[in-house]
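Residues per chain are reported as follows:
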Amino acid sequence: MKQPILYIKDKDNNYVQMEMFSDETITLTSKIQDLKDISKVFTDFSQPFTLPASKENNKVFQHWYNYNIDDGFNSRVKKDALLEIDYSPYKRGKVQLQSVKLKDNKPFSYSIVFYGNTVELGTLMGDDELSLLGDLDQYGHDYSNTNVKTGLQSGLFSGQIIYPLISHTKRFYYDSAQSSPEYNGNLYYNNLSNSIGLSFEDLKPAIKCMKIIEAIEAKYNISFTRDFFNETSGSPFSNLFLWLSRNKGKIGGDINQEEILSRICKDWGYVSGLLGFIVTDDSWVVSSRPDKRYEAKIEVSTSGANTSIPYRIKAVDYVSGNVLGQALLAASSFRDLTINILSSSQQVNYQIKWIIESEDTLSFTPALELKQYSVNPLTGITTGLDGTTIYNINGTGDTINTTENIIITENVPQIKTIDFLTGLFKMFNLTAYYIDDIGDADFGKIYVDTLDNFYSDAVNNPSSGSYDITSMVDVSNIVVDAPTIYSGLDFNYEEPSTLLAINHEEQFNDIFGNEKVREAGIDKGEIYSVETPFEHMKFERIIDENKSNSPKVSGTTTSATANKLIDSTKNFTTTVAIGDVVNNTTDNTTAIILSIDSNTTISINADIMESGENYNIGEISPYGDITTPAPYITDILWGYSADGNFESKTDITPATGDYEPVLTKPLIFYPVQETINTGKGIKWISDGSPIEITQYYRPSNTNESGSASTAPAFTINFDNEIDEWNLVDYGGTTNSLFKKFYEDYITDLFDSKKRIYKIKAYLTKEVLINMRLNDELIIQDRRFTINSITTNLKTEVSEIELLNKL
């Protein structure tokens, strides 16, 4: 009989061995990804078990049953714990107290549950949103013509922040003829009007998703392995970005689209007083104590014309996300704001940032005064002022100009941190577990990788990948079940809200980027849905509207405009490409070339062809419609966060022709740095003469450009879609999320020979301690993967769900 041993960390952060009932049963269940719920990541958890209310155990639980004890054991917080088997390390995790049983009005036993560490992510983060990740604000910057142009061309902070060509309001197009009316979104470059083209105010920034992962690690004091979350060039995650769009329309716009400028007061410098505070570059960090109270007052002065500009002072705690205090939006030459951090029976940490908001450019001078008071912890009465510290900006109270400051945490989309992580897990079919092997170089980290890589990594386990448990299995009682009741799976992004994606759905009765998997030849059953919290945008490669003159952008694709002959075998006598649109100029019929054999024979819609006739070869647009021939296709691809009705305003200068801005759900994408030939670039509205942009970040659903014949390595479409850049349908060669990260697992799951075997086994101590959930188990020369395992540490019986390897 094996002896389970439990240690719980006490209030002094020491692991204490708990006394246990001699006949107590501890049943522990382990699973990584249950085939019955493939979109969820699991970890170890136990059924409730009891501990005696002994003298030693009462010390750890601090007599929780007695509610009169102040500052006692908090049952709402899980405590670090260790499980051993016969004093050999088994599992690390946490325990949570559920109840205490009394007998004769005296404590008899405590009921607790053991959890593995990975399950703590949801509990640890709770309802916290990305806006609480204060580390992101190190990437704050001025929202200026210079910074946005740099962000569009090469990025800021070594490429961690970029400005992709995604418009929040203005409709971009390209018309080298400058036809009338010429709207202000015409990107065709000339050196004439400096009010038509691309302005810095048309764009919003994006942040690399890896920086969000690092900010999560910093805030919650956790570490993920770099198996999947890494910046290795060419990996599926390395160049993934999140668009920083918290409101519809322009940056800083409120519900009425009125712009509010904001700036975090930073570069604080010590002036005088008590050196008892921690003031960093832009934050005041303080921990409340039972015997102290803190008071912070910021004073803001303006002068001259600035006294007539309304502004607001705000104090925000980046730990809780709470606004601790703010003043009304008003004009003044001097204003102040005071907040109090009261003493607390339990330590509370604060990270306070001081923000100035205005409706216009504002110059101001702030000063920060911090006071510390002593408090009687029994009565809560303030007993005296300990001292005061004064800080000024840059040490002398220099003026700051508020050309708008991009505060990252105020521009991230509204999404819970755990939902952001869960969305990534669902997109890439990731799995996770806590590494509790002290001999592992990543001990204490959370392993994260794709499910396929997780199983492939089994060769590095103590078992080298498998255990033969033939002699340990109870063959008297084995149950064989069907593996799944699902007849299909849906992989979905959020409902689209932008123009191109909505048009795609209306035209094809299919949501762009989503995937539906249906098993043929079986009875209809439940459809399992994998839902992500992200929206998916369809991007558009822009075409020159000028058809009257010779092409301005010729030679940008592999196809060319020509009258191409087809012979009696329906073979083209000149080169064509997949994705070309073949237009019969005689009867105006068309065919889209979706596949071609080695003889360039059209295999799709070839019935419209007649030998000896002439055909024009064009391209298929992201809309799926026939468009202009290839020489008019520009090297500009953009995204449009708008929908609704087109509104033409030709009574103003310059004229505008836009759709209505929309607020998308969080949008993630790959940026691809694109170079355009001189003379064919983007017109940039500058402070002086217009500038030609010949390098920019285009938004993309693929991690690289690919080619007309080779699909990009990764796409964040769940399904196969026509590539918006190459305008090609890659068919079965597309590297979609489903194909790259789900297909093998799902195909195996739906195989008619797949079975679930439910067995009982008496696993040895060595197997129990060293076995990993990606190990294969061998029974009579047949190999199985583990779906779940539940072990009774007292009876030594493990109930295991196995999937047969095919």
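To be clear, the structure that these remarks concern was listed above.
Summarised in this report is the structure supplied together with it. Everything numeric in this text was worked out from a predicted model, so none of it was measured.

What counts and what doesn't
Residues numbered from 1 in each chain as written. Predicted model: local features only at pLDDT ≥ 70, side-chain atom pairs only at ≥ 80, totals over all residues. Heavy atoms only, no water. Helix = DSSP H or I, 4+ residues; strand = E, 2+ residues; numbered from the N terminus. Buried < 20%, exposed > 50% of the residue type's maximum accessible area, 1.4 Å probe, protein only. Contact = heavy atoms within 4.5 Å. Areas by Shrake-Rupley, 256 points an atom, 1.4 Å probe, with all protein chains shown as cover. Salt bridge = Lys/Arg side-chain N within 4 Å of Asp/Glu carboxyl O. Axes fitted to C-alpha atoms, helices over the stretch in contact; angles between N-to-C directions. Parallel < 35°, antiparallel > 145°, perpendicular 65-115°, else oblique. Nonpolar A, V, L, I, M, F, W, Y, C, P; charged D, E, K, R; others polar. Pairing = 2+ DSSP bridges. Left-handed = near helix turned anticlockwise from the far one by under 90°. Patch = residues over 30% accessible without salt bridge, like charges linked within 9 Å, V, L, I, M, F, W, Y side chains within 5 Å. Expected span 1.5 Å × (residues − 1).

1. Topic: the overall build of the protein chain
Next up, step 1: Looking only at helices and strands, the protein chain has 9 helices and 49 strands in total.
Next up, step 2: Counting over 806 residues, the protein chain shows a buried share of 54%.
Next up, step 3: By sequence separation, contacts in the protein chain at least 24 residues apart represent 70% of the contacts at least 6 residues apart.
Next up, step 4: Counting only carbon and sulfur atoms, one obtains 45% of the accessible surface of the protein chain, whose full area is about 34500 Å².

2. Remarks on the pattern of salt bridges
Next up, step 1: Within the structure shown, the criterion is met by 32 salt bridges.
Next up, step 2: One salt-bridge network, in which partners are shared between bridges, spans Lys208, Lys211, Glu214 and Glu231.

3. Things to note about helix H7 (residues 499–508)
Think of an α-helix as turning once every 3.6 residues; residues three or four places apart then point the same way.
Next up, step 1: Those residues of H7 not exposed but buried are Leu499, Leu500, Ala501, Ile502 and His504.
Next up, step 2: In this structure, the buried residues of H7 make contact with strand S34 (540–543), strand S39 (633–640), strand S40 (642–649) and strand S41 (656–661).
Next up, step 3: Two residues or fewer past H7, Asn509 is found with a positive phi of approximately 55°.

4. Remarks on the packing of helix H5 (residues 417–428) against helix H8 (residues 737–750)
Next up, step 1: Viewed as axis vectors pointing N to C, H5 and H8 meet at an angle of 80°, and their least axial separation amounts to 8 Å. Accordingly, the angle class assigned to the pair H5 and H8 is roughly perpendicular. Contact residues: H5 offers Phe425, Lys426, Met427 and Phe428, while H8 offers Leu737, Phe741 and Tyr742.
Next up, step 2: The residue makeup of the contact of H5 with H8, split by class, is 6 nonpolar, no polar and 1 charged.

5. Digging into the pairing of strand S20 (residues 323–326)
Next up, step 1: With 3 bridges connecting them, strand S19 (residues 311–317) and S20 associate as antiparallel partners. Pairing of Val316 across the sheet is with Val323, part of S20.
Next up, step 2: Taken together, S19 and the strand that follows it, S20, pair antiparallel across an intervening segment of 5 residues, in which Gly321 is found at a positive phi of about 85°.

6. Description of the sheet that holds strand S11 (residues 166–167)
Next up, step 1: One open sheet holds the 3 strands; their spatial order is S11-S39-S34, and the pairing between them is mixed. Every other strand in the sheet has two partners, leaving S11 and S34 as the edge strands with one partner each.
Next up, step 2: Of the strand pairs in this sheet, S11 and S39 are connected by 2 bridges, and their pairing is parallel. Directly across from Ser167, in S39, lies its bridge partner Tyr640.

7. Examining the packing of helix H4 (residues 209–220) against H5
For any two helices packed against each other, one specifies the inter-axial angle together with the distance between the axes.
Next up, step 1: Orientation of H4 relative to H5, taken along the N-to-C sense of each, is 130°, at an axis distance of 12 Å. Relative to H5, the element H4 lies oblique. The element H4 and its partner H5 pack so that their crossing is left-handed. Residue-level inspection shows Cys209, Ile212, Ile213, Ile216 and Tyr220 of H4 in contact with H5, the latter providing Thr417, Phe420, Leu421 and Leu424.

8. Regarding a nonpolar patch on the surface
Next up, step 1: On the surface, a cluster of nonpolar side chains totalling about 260 Å² of accessible area is made up of Val475, Ile478 and Val480.
Next up, step 2: Relative to the elements of secondary structure, Val475 occurs in strand S30 (residues 473–481).
Next up, step 3: Judged by its relative accessible area of 63%, Val475 is exposed.

9. Let's talk about the pairing of strand S28 (residues 446–450)
Next up, step 1: Of all the 5 residues making up S28, 5 are buried; the element is thus mostly covered by neighbouring parts of the structure.
Next up, step 2: Summarising the sheet, strand S27 (residues 430–434) and S28 pair through 5 bridges and their orientation is antiparallel. Across the sheet, residue Ala432 finds its bridge partner in S28, namely Val448.

10. A few points about H5
Next up, step 1: When the terminal C-alpha atoms of H5 are compared, their 17 Å separation across 12 residues agrees well with the 16 Å that a helix rising 1.5 Å per residue should span.
Next up, step 2: Most of H5 is tucked away: 10 of the 12 residues are buried.
Next up, step 3: Within H5, burial applies to Thr417, Ile418, Phe420, Leu421, Gly423, Leu424, Phe425, Lys426, Met427 and Phe428.
Next up, step 4: Where H5 terminates, the next one or two residues include Asn429, which has phi positive at roughly 50°.

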